[in-house]
Every structure is written in structure tokens, then in C-alpha cells.
Amino acid sequence: MDLSSINPILLLASLMVAATPILLAAIGELVVERAGVLNLGVEGMMITGAVCGFMVAVSTGSPWLGFIGAAVGGAILALLFGILTQVLLSNQVATGLALTLFGLGLSALMGQNYIGMKAPSFPDWHIPLFGDIPIIGPIVFQHDPMVYVGLILVAAAWWFLHKTRAGLVLRAVGENHDAAHALGYKVVRVRILAIMFGGACAGLGGAYLSLVRVPQWTEGMTAGAGWIALAIVVFAGWKPWRLVLGAYLFGGVTVLQLNLQAAGLAIPVEYLSMSPYLATIVVLVIMSAGRAPGSLGRIFHASR
Amino acid sequence: MIQLEKRPEPSRAWAFATPLLAVLLTMLFGGMLFALLGKNPVETIRTIFLDPLFSEFAWYYRPQLLVKGAPLVLIAIGLSFGFRAGIWNIGAEGQYIVGAICGAGVGLAFYPMDLRLIFPLMVIAGAIGGTLWAMIPGLLRVKFGTNEILVSLMLVYVAEQLLASMALGTMRNPDGMGFPGSRNLAQYPSAANLELIAGSGMHWGVVAAFIAVIFAYITLSRHIFGFQVRLSGQGPRAAVFAGVNPNRMILICLGISGALAGMAGLFEVAGPAGQISIDFNVGYGFTAIIVAFLGRLHPIGILLAGGLMALTYIGGEIAQSNLGLPGAAIQLLQGMLLFFLLAVDLLTNYRIKFKTGEAV
Amino acid sequence: MSLISIQGLTKAYPGVVANKNVSFDIGRGEIHALLGENGAGKSTLVKAIYGLVKPDSGTMTLEGEPFTPAEPRAARAAGVAMVFQHFSLFDAMNVAENISLGMENPPPQNEIAEQVRKVSHQYGLPLDPDMIVGDLSAGERQRVEIIRCLLQSPKLLIMDEPTSVLTPQEVEILFQTLRKLAAEGTSILYISHKLEEIRALCDHATVLRLGQVVGECDPKTTSAREMAEMMVGMVLHVPARREKPLGDVALTLTNLTAPAPHQFGTALRGVTLEVRKGEIFGIGGVAGNGQDEMVAALSGEMRTQTDMVKIAGQPAGHLAPNARRAIGLCAAPEERNGHAAIPDMSLIENTALTATTRKNLANNGFVQWDKARDFAKEIIRTFDVRTPSERSTAGSLSGGNLQKFVIGREIMQDPDVLVVNQPTWGVDASAAAAIRQALLDLAAQGAAVVVISQDLDELMEVSDRFAALNDGKLSAPRDAATLTIEEIGLMLGGAHDLEVAQ
């Protein structure tokens with residue numbers, strides 16, 4: 001084993017990249033859960049986003065259009081969930097699981113002719129000035145644009161939830177849907193919009209995997225990333241900024257175990273590959289202190 | 001404007017009709033999907049749903065129905081207890097894998113001894129393995145309030161890595177010339193889960209599945225424990241008032257589903273699959289979730305739903321080889337089935353009214 | 001000219017006509033009472049005015065203009081504000097956010113905070129805008145709702161049963177505020193079934209029964225008895241009390257202490273009491289002062305130290321609910337739906353919910369459903385529960401009928417100690433009278449009964465001794481016959497006594 005082969009600067013830089021797909025999916029789910037909806041279909045929406053993004057990017061040659069396609073694909077799938085749970089009042093847990101199973105099948109079917117292709121390249125930015133700072137530059141300021149889009153989305157979500165009227169309404173709907181209804185807010189409409197935003201974000205996260213991180217399409221390539229995103233929302237106690245911490249922690253474990261595998265640590269590869277999932281469990285156990293939105297997962301039906 | 005009105009009591013007629021309606025809708029939309037893929041929809045639907053039962057090769061497919069259906073029913077019965085009690089174990093796939101590893105481990109440890117006791121021991125080890133794996137989310141939920149959905153699911157990925165490590169390392173066949181995978185248990189008579197009647201597909205797992213259905217039916221409809229399970233799901237607060245200990249309920253429900261999933265894994269690895277290999281698991285643990293809901297969490301319903309789902313597996317394989325239908329289309333069809341079921345489920349509890357005016 | 005005029009308003013739901021041809025006017029600056037029993041159609045009427053329900057027919061005019069609010073927002077924009085009985089606050093949010101949510105075009109949060117401080121002091125209802133609403137007392141929560149309305153300078157303020165959560169002193173503060181508002185020209189529609197309050201506060205009363213207007217009167221000059229007869233349509237049956245000798249001590253609480261079970265719960269602090277056979281012990285208190293926790297600690301849903309609870313002298317603090325039932329203690333919690341009963345289950349199953357132990361409904365762990373059905377039928381017959389069949393779901397019963405079923409289920413298990421919380425909450429007057437009578441009869445047969453309620457009239461009617469629960473502490477018990485309403489008010493206030501700003 002040769003630990004000296006691990007470059008700490010590269011390690012920290014790739015941590016940000018590894019965390020990005022989770023962060024993107026998690027910020028969407030966070031908004032959905034703040035609206036009182038538990039969508040367990042993140043994995044399904046992510047993988048659908050991954051394949052949609054890949055297909056659009058390959059056929060147009062533009063990764064940007066690919067990301068847009070992924071967001072649309074994820075949002076459409078999420079809308080299906082929204083209609084089932086909000087209009088047809090189905091159980092959110094079961095419907096979310098169905099969405100994941102459906103998304104896995106759908107993506108495999110859509111992507112069967114794209115296996116083995118290569119995604120168009122998505123070059124890193126070298127942010128002027130900041131990118132030239134020694135050590136910090138390569139770690140923080142020399143990434144592809146989506147890394148920053150993820151962080152901007154987190155900031156935007158925080159601003160939206162805590163500084164805008166619409167965000168206040170969204171939180172009210174998630175906290176107590178009966179009261180929100182009594183005050184005249186459109187519970188179902190707010191929730192469906194939130195669900196679609198969540199789907200779009202999950203789609204972006206998936207496309208980040210197929211367009212940047214891997215970058216090609218393989219069946220089932222999300223490998224539980226959507227579930228980890230769900231776990232990180234709980235870990236963050238439904239607070240946007242703590243989401244970043246959770247995602248980077250997870251990214252850190254992932255990158256470190258990959259580096260250790262490459263360095264030939266005397267632990268079997270399989271046990272290293274388990275570590276991100278085990279770390280997620282540990283983190284869930286330690287940090288289940290946050291208070292979930294009051295109406296999370298409950299079915300809303302406006303009776304008399 | 002369409003309005004929903006809650007029924008004073010759930011409609012019994014719709015409770016039976018909705019699964020059938022969901023199947024019909026799935027056939028309809030599935031047919032459209034197949035047409036989009038350039039296949040003849042009628043022929044494809046017939047191949048998937050009827051050929052396994054009635055074609056000239058049905059003598060080969062019908063036993064397969066039992067082989068594929070048994071693990072689905074066994075796992076789904078276990079899951080139905082938890083789902084009814086509001087405990088969401090969705091990591092049955094992991095418990096299935098760990099059960100198979102533990103059971104196979106016992107079998108391999110005795111190799112090549114000839115002892116009738118070995119197979120029963122393996123079954124017990126499989127059940128214990130599955131239970132212990134399910135106890136991890138159970139104990140974390142009870143002790144720390146950790147979400148059991150996420151933990152049980154994370155453990156599926158852990159179990160898959162564990163399986164890989166077993167197939168490539170610890171349990172690799174020493175006489176296997178370096179190929180991954182364990183010794184073939186199906187060729188080791190004391191450990192094999194062989195067909196009880198040749199050519200029938202009937203193995204011990206099928207027997208266990210039928211016993212589980214009967215046991216679950218009696219427990220849920222007659223026994224006080226079944227009543228407490230239903231109380232916990234429909235009114236957690238009322239359940240505590242009625243004397244249910246919620247923590248104990250969580251552990252018991254997870255224990256039952258873990259034990260049954262673990263046994264299903266053992267029956268599979270000692271029979272149809274034969275050996276511990278990297279990919280001996282084919283997602284029964286996830287499909288069983290569909291089976292449980294499709295059967296409306298009712299034991300008899302689960303039995304029928306397990307049969308139906310096995311049918312789509314086998315029919316899908318036929319359609320794959322005869323018509324060139326992509327394998328993923330079958331997965332999609334199964335997902336669709338669950339979607340439609342959840343969508344039409346509304347009819348059981350609500351009446352739909354068409355009227356004008358009054359925004360909701 | 002009147003501010004709002006309602007003409008021929010009708011609203012029907014499947015199976016019930018909630019309002020039938022209802023007409024009345026409210027003048028400017030008038031405090032108008034809408035009086036009626038539970039189920040008389042008050043709520044539906046008010047929801048129509050607030051835009052939550054669209055009437056089938058009839059017209060409303062506000063200041064001479066046609067008024068047809070399609071949603072609450074439109075009603076608020078037109079100057080109608082409403083203080084809800086429940087369901088309209090967000091526990092995890094602070095006061096300012098809660099108030100902002102109820103306003104049409106709210107200013108930024110910091111301005112709201114400033115306005116809240118100002119207006120709340122002006123009307124004698126002090127509030128801290130940064131407090132989290134879940135941590136407030138019931139009275140303070142109501143202030144949030146009132147301030148939310150006042151900040152919009154409404155023309156019409158609707159108050160739905162506002163005093164059910166207040167101590168007598170808090171009621172007095174509220175009335176002062178309302179009188180002040182009326183004097184400034186705001187009209188108030190005051191909904192209640194408490195006659196003395198209406199006599200003390202209102203200028204005019206419209207009485208509803210079974211969805212129809214059955215009379216109007218000036219409450220200041222009409223006796224409570226006359227109004228009650230209009231409201232109920234018959235002479236009320238006053239429960240009969242029998243003098244009886246008290247027996248041995250059946251229930252002892254010694255320094256009962258327990259932490260709050262959840263974030264917005266209340267800790268119990270050293271509750272001590274003794275209830276004898278044949279005695280009814282009334283516990284009053286404003287909601288959220290430990291009532292639910294007290295019931296949980298008695299029923300066995302919450303365990304405490306062994307010696308803190310004794311049933312017939314036997315230490316029981318560690319026992320589970322069914323073990324307590326076995327030695328004679330039955331309980332009926334406040335919330336019918338989801339706690340005392342499960343709405344989606346049949347009455348037979350709801351019978352087995354609590355009666356399995358005492359009525360031997362299980363044999364070797366197998367539930368004997370035919371025995372459960374027979375017992376369910378017996379409860380339905382004895383307590384006159386109106387239901388098509390014992391197979392109907394609990395959720396399909398009206399509130400009063402389900403409450404009769406729940407109380408009946410416990411009483412018919414013949415307990416030595418019965419604990420009930422809010423036995424007549426949301427129940428119509430005749431059912432309430434029947435329930436109170438059943439409690440008195442049970443005590444007369446020699447059971448010890450603990451009645452926890454926020455309805456002081458009810459407690460005075462049934463209890464032999466009375467104590468108040470305040471922030472998890474129980475006051476020293478007093479003989480109920482000698483207590484005045486002012487004394488009770490002081491007992492209820494306790495440490496929670498809210499300062500009056502003026």
C-alpha cells in the first residue's frame with residue numbers, strides 16, 4: 001500500500017465533485033419535504049434524469065441542453081408522483097417506491113441504445129483570480145459549472161424558504177396543511193409545484209453522474225445515490241446549509257475509499273465500497289435530532 | 001369539476017375489483033408501450049400473460065411459476081406485517097442476501113458430510129441471518145429513532161458488497177479453478193433444496209410459502225397479535241392505548257419479515273440458483289414490495305399477486321427470447337402495475353362525484 | 001344600515017342540510033351572537049361568510065354590495081377576518097410568521113414584529129413576535145389569531161367558540177378587547193353555546209337549530225333559560241345526583257412526576273391526589289396544562305415510578321394499560337379519532353380495542369369476534385348510539401354518538417376507577433347530558449371517577465371535589481359545592497396568570 005500516492009488537494013477537489021449529484025438531488029427533496037411531502041422516488045427520478053440528460057446531450061452535443069433535458073425528465077416523472085399522491089390520494093411511501101421501480105425500468109428501456117457511448121465533454125471552469133490561489137484554487141475554484149449550480153441552488157433554496165412570501169407559504173403547507181387550507185392557501189397546488197422542483201433537481205443530479213462524473217450511461221448507475229440524498233435531508237434536519245455539510249461528508253467518504261482502493265489498502269475492495277452506505281447509516285443514527293415538518297407524509301383531503 | 005367524497009366504510013366490492021382493474025389498465029398501457037417499441041401489442045401481451053400457462057411448452061413454464069412465485073410470496077407475506085403496522089422495511093433484498101449467505105455458509109461448512117440434519121440447519125441459519133440483518137434497522141429505530149426505510153435500504157447495498165466478497169473470497173469454490181462463486185449446493189444432496197416431486201417445481205420454499213400464507217391469514221384475522229398489527233398501522237396512538245408496545249411491535253414485524261426473506265434467500269441459493277455468486281439475487285426483495293401492495297397486504301391476495309408477478313417474469317423471458325422484447329420493458333410493466341393499483345385504490349375509500357362549482 | 005346582510009342562505013351536504021334558508025343582519029359596531037348546539041350549522045354558516053364553503057343558494061351583501069367570496073383571501077380583502085376554534089396556527093413557526101400568513105399583503109417580517117408589539121399592547125393582549133407558537137399557552141395562541149385579524153383592520157371579526165380554551169380571567173380580558181373593538185366600529189360575529197357569556201357580551205343574538213334560524217333576541221333582556229330552550233328545542237334534562245356514602249380509597253397518586261413526552265408536551269410535577277369509591281373528582285384546567293399527560297400516566301400509556309400510581313392500594317406506575325384494566329382502571333382519552341377509537345375500523349374492532357382484558361374477548365390469544373360483536377351491540381343499545389350497524393366504521397358516526405360509544409365501552413366494563421378527559425367535548429346537549437348522567441350513575445354504583453374537563457359548568461355539575469391542573473401541577477382539592485366561579489378562575493390561573501397590560 002502506498003498512501004503517499006494520495007494527493008490531498010486532488011482528494012478535496014474530487015470530494016466536491018463526488019458530493020454534487022447528491023447535493024443536487026437532496027436540495028430538491030428538502031424543498032419537497034418542507035412542503036410536507038415525502039417522495040421516496042428520488043432514486044427513480046435521478047436515474048431517469050441520468051438517461052434523459054445523456055440522450056439529449058449525445059444527440060445535441062451540448063451538455064447544457066442535456067442538463068435541461070434531465071431536469072424536464074425528472075420533473076415529468078415527479079408530476080406523476082404528484083398526481084398520484086396529491087390528487088388520487090395514494091400512500092406516499094408506496095408511491096415513492098413505485099416511482100423508483102418504475103424509473104429504474106424506464107431508464108433501462110430508454111437507454112438501451114446508448115450503452116457504451118461517451119458523453120460530450122463538459123470542461124471545467126478555471127475561475128479567474130480565485131482559481132489561481134494556491135491550494136484553495138484547485139480545490140474550490142477549478143470545477144465544472146454544475147458544482148457551483150448545486151451550491152447556488154442551496155443558497156437559493158435557503159433564501160426562498162426563509163426570505164420570501166412563497167417560501168413561507170410552502171413551509172406553512174408542510175407544517176400544518178389543514179391550517180394552511182383554512183387560511184385559503186392552495187395546498188395541492190403548492191405541493192405539486194414543490195414535487196416538480198424536487199424532480200427537476202433529482203434529474204440534474206442524475207445527469208451529473210452520466211454526463212460528468214462517470215461520464216457514460218450504464219443501467220442502474222445511480223447505485224443508491226437517491227437514497228443517500230434522502231438520508232442527507234434527514235441528517236441536515238431539513239436545513240439547507242447543513243445539507244452541504246452532509247453531502248460533502250458523504251463525498252469525502254466516497255472519494256477517500258476510492259483513493260484507498262487505488263492505493264491498494266489491505267482491506268478487500270468490497271468492504272471499502274460498503275463504507276459510504278455504512279457512513280450514511282452512522283450519520284443518520286447520530287444526527288436524527290431535527291424536527292420533521294408537521295404534515296410530512298400525511299395525506300391531505302379537503303373535507304368540509 | 002370532479003370531487004372526492006369519503007365513503008362511510010370502505011367499499012368491499014371495489015377492494016376486490018381494484019387489483020383486477022389495475023391489471024387491465026396495465027395490459028392496456030403495456031400494449032401501447034409495446035406498440036411504441038414496434039412489437040405487436042396483442043401478441044406480446046398474450047405471450048407475457050397467457051403463454052406461460054397455455055402454450056405448447058406450458059409443461060415447462062408452469063413449474064417455473066412455483067419456483068419464481070415462492071420467494072416473492074414468502075418475502076411479501078413477511079413484509080405485509082410491517083406494512084400493515086406502518087413499519088417500512090424496504091430492505092428485504094438485503095435480508096434475502098444475508099439469509100442466503102448464512103444458510104449457504106452452514107451448508108458449506110459441513111461439506112462433504114452426509115447428514116439429513118444439514119438442510120434444516122441451513123434453513124434455520126438463513127432465517128436467523130435475515131432476522132439479524134433486519135434487527136439492525138429495528139434496533140436503530142427503537143434506540144435512536146433512526147428512519148428504518150433509509151437504514152434498511154442502505155443495508156441492501158452493504159449486503160450486495162458482502163455477497164461479492166463472499167463469492168470472490170471467503171466462500172469461493174476451492175475446486176472452482178479460480179472462477180467466482182461457491183460450490184454448487186444443488187449438487188450436494190444433504191444441503192440441496194431439491195424438487196419434492198420431479199418436474200413439478202415444488203421445492204421446500206414453495207411449501208414454506210404456502211405455510212406462511214396460512215399462518216399469516218390466521219394471525220391477521222383471528223389472533224390478537226394480528227389485531228395489534230392492524231391497530232398500530234391505522235391508529236398508532238390508539239394502539240398504545242390498547243396496550244401495544246410500539247417498540248416491541250417494530251422489532252417483531254422487522255423480525256418476521258427478515259426471517260421470511262432470509263429463508264427465501266436460502267431456498268433460492270440451495271435450489272434454483274445453486275450457489276453463492278455475485279448476482280444470484282435478481283431483485284425478488286424489491287418485487288415482493290409490489291406483490292405485497294398488489295395483494296392489498298392480505299395473505300390470499302399476496303398469494304395471487306405473487307403468482308401474477310411470477311407470470312410476468314416468465315412471460316417476460318419468453319417475450320425476450322421469442323419476440324426480442326427488451327428485459328427492461330418487463331420491469332417497467334411491473335412498475336406500471338403498482339402505479340395503476342395505487343391510482344385506482346382511491347375508489348375503495350372515496351366516491352367520485354361530478355359536479356359544478358365549489359373550488360377545493 | 002347594516003354591515004352585512006345574509007338572505008336565504010342554504011347549504012346541503014350529502015345526507016344533511018347544514019343551513020336552510022338562513023337570514024340575518026349584523027349592524028356596524030354590533031356584537032352579534034350566533035347561538036346553537038354542536039351540529040346546528042353554525043360552522044358551515046361562518047365558513048360561507050369566510051369563503052371556505054360556497055352556499056347552494058341565498059345571497060350575502062356587505063355594505064350594500066353583493067358579497068360572494070370564492071376563497072378566504074377574497075373575504076379577507078373585503079374586510080372579513082376570522083379567529084378559528086382550532087386548526088389555523090403553525091406550531092413550529094414564530095408568532096410574526098404566523099401572523100404574516102394570515103394577512104393579505106403583509107409587510108416585511110421586522111415591520112410585522114413591530115406592529116404586533118404595538119397592536120397587542122394597545123388591546124391588552126401582550127405578545128412576543130419572536131416566540132415559537134408551539135411553546136405558547138392556549139390563551140396566548142388565541143391572542144396570535146386575534147392580533148392576526150386586528151392587523152388587517154377588519155370590518156367584521158368572526159370569533160368561533162373563543163372562550164373554550166380560556167380561564168375566566170382571560171375571558172374577561174378578551175371581552176374588554178372585543179368591547180373596545182366594537183366601540184371603534186368593528187362588527188363582531190360571536191359564535192358560542194355558552195349562554196352567560198352571550199348575555200354578558202352581545203347586543204343581539206340569532207339562534208340556530210338544525211340548520212335553521214329558530215329565533216332572535218336581545219340577550220341582555222332574555223333569560224338564559226329562554227335562550228336555552230330556543231337552542232335545544234326542549235327542556236333540558238339536568239343530571240340527577242344522589243347522596244351516597246364514600247367508600248375506600250380506589251386511586252392514589254403520590255408525587256406523580258414525569259417529563260414531557262414530546263417537544264410541545266407538558267411535564268407532570270408532583271401531582272398528588274386520592275379518590276374514593278363513589279366519588280367524582282373533577283380536574284379543571286386550560287388545555288395544554290398536562291391533561292393529556294395525566295390521562296396517559298393513569299391509563300398506562302406513559303409509565304412512571306411504581307409507587308406514584310396506586311390502584312386500590314396496589315402499586316401500578318409500572319403497569320401497561322391492559323394490566324391496569326385487569327386491576328380495575330379504565331380510561332377514555334379526549335381525542336376520539338385515532339386515540340380512543342380508530343375511525344377506519346368497525347365498532348366491533350373498536351370494542352376489542354380496550355375491552356379484551358376485562359370482558360375476556362380473547363381465548364389463548366385468539367380474539368373471539370362473536371363475543372366482541374355481542375358486547376358492541378350491548379354498548380350501542382345501552383347508550384343509545386345511533387348507527388346503522390355495529391359493523392359501521394367509527395369514523396362514520398357523529399361526534400356525539402362516537403363519544404357515547406367510547407364512554408359506554410369503558411363504563412360497561414364495570415371499572416373500579418374510570419378516568420375520562422373532556423367527556424362531552426363537541427357533543428350536542430342531549431348526548432352530553434346522557435354522558436354526565438352515566439358518569440354519575442357509575443359513581444353511585446361505587447366506582448371512583450376522575451373527570452378532566454375544560455368545561456367548568458360540567459365539572460361543577462358532576463364533581464364532588466375539584467382541583468385545577470396548571471403547568472403540570474395540581475392544586476389542592478376543594479369541595480366543589482362551596483366553590484365560586486371566581487375562586488375556580490384563580491385556581492386555574494395559577495402560575496400561568498397572564499399579566500394585563502393596561
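The residue numbering used here restarts from 1 in each chain and proceeds along that chain's sequence as written. Naming scheme: in the order in which they are written, chains are lettered from A and ligands are numbered from 1. Note on the predicted model: pLDDT of at least 70 is required for a residue's local features to be given, and 80 or more for side-chain atom pairs to be given and counted; whole-chain, interface and lining totals, by contrast, use all residues. As a convention, hydrogens and water are excluded, and side-chain values are obtained from all of the structure's heavy atoms.

**Q** Even after reading the chapter, I still don't get the overall build of chain B, so can you show me in this structure?
**A** Scanning chain B from N- to C-terminus turns up 15 helices and 2 strands. Based on the C-alpha atoms only, the size of chain B along its principal axes is roughly 75 × 55 × 35 Å. For every residue, the accessible area obtained with a 1.4 Å probe (protein chains only) is divided by the maximum for its type, and the residue is called buried under 20%, exposed over 50%, and partly exposed between those limits. Sorting the 360 residues of chain B into buried and exposed places 58% on the buried side. Whether two residues touch is decided by their heavy atoms; if any such pair falls within 4.5 Å, the residues are in contact. The long-range fraction of contacts in chain B, counting pairs at least 24 apart against all pairs at least 6 apart in sequence, stands at 77%. Accessible area for chain B stands at about 14600 Å²; split by element, carbon and sulfur atoms hold 66% of it. In DSSP terms, a helix is any run of H or I states spanning at least four residues, a strand is any run of E spanning at least two, and both are numbered starting from the N terminus. Per-residue accessibility takes into account occlusion by the displayed protein chains alone, with areas from the Shrake-Rupley method and a 1.4 Å probe.

**Q** I would appreciate a short explanation of the confidence of the model for chain B in the present structure.
**A** Detailed reading of the predicted coordinates is not advisable wherever pLDDT is low. Residues and elements named next belong to chain B. pLDDT measures how confident the predictor is about each residue, on a scale from 0 to 100. The predicted model of chain B averages 88 in pLDDT, with 97% of residues at 70 or higher. Here strand β1 (residues 2-6) is the element of chain B with the lowest mean pLDDT, 72, and helix α11 (residues 246-270) is the one with the highest, 95. Reported confidences for the modelled complex are a pTM of 0.85 and an ipTM of 0.85.

**Q** Can you walk me through the interface of chain A and chain C in this structure?
**A** At the junction of the two partners, chain A supplies 18 residues and chain C supplies 29 residues. Throughout this description, the term salt bridge denotes a Lys or Arg side-chain nitrogen within 4 Å of a carboxyl oxygen of Asp or Glu. Among the ionic pairs, E97(C) bridges to R171(A), the shortest N-O distance being 2.9 Å. Identification of polar contacts relies on pairs of N or O atoms within 3.5 Å, with a donor-acceptor requirement for protein atoms, meaning one able to donate a hydrogen and the other able to accept it, and with residues adjacent in sequence counted only if both atoms are side-chain atoms. Counting every contact that joins chain A to chain C gives 7 residue pairs in polar contact (both at pLDDT 80 or more). Put simply, the parts of the chain that give the side of chain A that touches chain C at least two residues each are α7 (165-175) and α8 (177-182) of chain A.

**Q** When you look at unusual backbone geometry in this model, what are you seeing that I'm missing?
**A** Glycine aside, a negative phi is what most residues show, and trans is what most peptide bonds show. With omega at 0 degrees, the peptide bond leading from Y111(B) into P112(B) counts as cis. Position of P112(B) relative to the elements: it lies in the loop between α5 (92-110) and α6 (118-144). Of note in the backbone geometry, L89(A) takes a positive phi value of approximately 55 degrees without being a glycine. Of note, D414(C) is a non-glycine position whose phi angle comes to about 55 degrees, a positive value.

**Q** I keep staring at the layout of surface pockets and nothing clicks. Help me out?
**A** Rolled over the atoms, a probe with the dimensions of a water molecule shows which regions are left empty. Points on a 1 Å grid, built from protein atoms alone, make a cavity when a 1.4 Å probe fits but cannot get out and make a pocket when they are open with protein on both sides within 12 Å along at least 5 of 7 lines; residues with an atom within 4 Å of a point are the lining residues. Grid points are joined across faces, edges and corners, and a volume is the space filled by probe spheres set on the points. Approximately 1400 Å³ is the volume attributed to the second largest pocket. Lining the second largest pocket are 49 residues, with N281(B), V282(B), G283(B), F286(B) and Q331(B) positioned closest to its centre. For the lining of the second largest pocket, the elements supplying multiple residues, two or more each, are α4 (92-110) of chain A together with α4 (58-84), α7 (148-170), α12 (284-294), α13 (299-323) and α14 (327-344) of chain B. Here the nonpolar group is Ala, Val, Leu, Ile, Met, Phe, Trp, Tyr, Cys and Pro; Asp, Glu, Lys and Arg are the charged ones; every other residue, Gly included, is treated as polar. Tallied by class, residues from the lining of the second largest pocket come to 25 nonpolar, 16 polar and 8 charged.

**Q** Explanation requested: a nonpolar patch on the surface in the structure shown.
**A** The grouping of M113(B), L115(B), L117(B), L121(B), I124(B), I128(B) and L132(B) at the surface amounts to a nonpolar patch, some 630 Å² of accessible area in total. Relative to the helices and strands, I124(B) is located in helix α6. A patch consists of residues whose relative accessible area exceeds 30% and which take part in no salt bridge; residues with like charges are grouped when within 9 Å of each other, and nonpolar side chains (Val, Leu, Ile, Met, Phe, Trp, Tyr) when within 5 Å.

**Q** Explain α4(A) to me, please; I cannot follow it from the model alone.
**A** Structurally, the α-helix is built with 3.6 residues per turn, so residues lying three or four positions apart point the same way. All names here are of chain A. Compared with the 27 Å implied by 1.5 Å per residue over 19 residues, the 26 Å span of α4 between its first and last C-alpha is a close match. Across the 19 residues of α4, 17 count as buried, placing the element largely inside the fold. At the N-terminal boundary of α4, the capping side chain belongs to N91, with an oxygen 2.8 Å from the backbone nitrogen of V93. In a helix, the anticipated span is given by 1.5 Å times the number of residues less one.

**Q** Can you walk me through the sheet that holds strand β4 (residues 57-62) of chain C in this structure?
**A** Sheet strands pair by backbone hydrogen bonding; their relative direction is either parallel or antiparallel. All names here are of chain C. Read from one edge of the open sheet, 4 strands run β2-β1-β4-β5, paired in antiparallel fashion. Looking at strand neighbours, the two that pair on one side only are β2 (16-27) and β5 (65-66), the edges of this open sheet. Pairing between two strands is assigned when DSSP locates at least 2 bridges connecting them. As defined by bridge partners, strand β1 (residues 2-13) adjoins β4 across 5 bridges and the pair is classed as antiparallel. Residue pairing across strands places T10 opposite S57, the latter belonging to β4. Angular values range over 0 to 180 degrees, each being the angle between N-to-C directions of two axes fitted as lines to C-alpha atoms, with helices fitted over their stretch in contact. Most of the contacts of helix α1 (residues 42-49) go to β1, to which it runs at about 120 degrees, and overall it touches β1, β2 and β4.

**Q** Mind showing me how you'd approach the sheet that holds strand β3 (residues 31-35) of chain C here?
**A** Residues and elements named next belong to chain C. Pairing is mixed in the open sheet, where 6 strands are placed in the order β6-β7-β8-β3-β9-β10. Across the chains shown, the open sheet's two edge strands, defined by having one partner strand only, are β6 (80-83) and β10 (212-217). Direction aside, the axes of adjacent strands within the sheet are offset by 20 degrees on average. This element, helix α5 (residues 138-150), spans β6 and β7 (156-160) of the sheet and lies at about 180 degrees to β6. Against the sheet, helix α8 (residues 224-232) touches β3, β9 (204-209) and β10, its axis set at about 35 degrees to β9.

**Q** Explanation requested: the interface of chain B and chain A in the structure shown.
**A** Interface extent is often summarised as the accessible area lost during association of the parts. The interface of chain B with chain A comprises 41 residues on the first partner and 43 residues on the second. Interface of chain B and chain A: buried area, both sides summed, is about 3700 Å²; carbon and sulfur atoms make up 83% of it. The term buried area means the drop in 1.4 Å probe accessible area that two parts suffer when joined, counted for both and summed. Considering only the surface of chain B that becomes buried against chain A, L150(B), M154(B) and F339(B) emerge as the three largest contributors, covering 19% of it. Where chain B touches chain A, the interface holds 0 salt bridges. Viewed at the interface, chain A and chain B are joined by 2 residue pairs in polar contact (both at pLDDT 80 or more). For the side of chain B that touches chain A, the secondary structure elements donating two or more residues are β1, α6, α7, α12 and α14 of chain B. In terms of residue count, α7(B) provides more of the side of chain B that touches chain A than any other element does, 13 residues in total.

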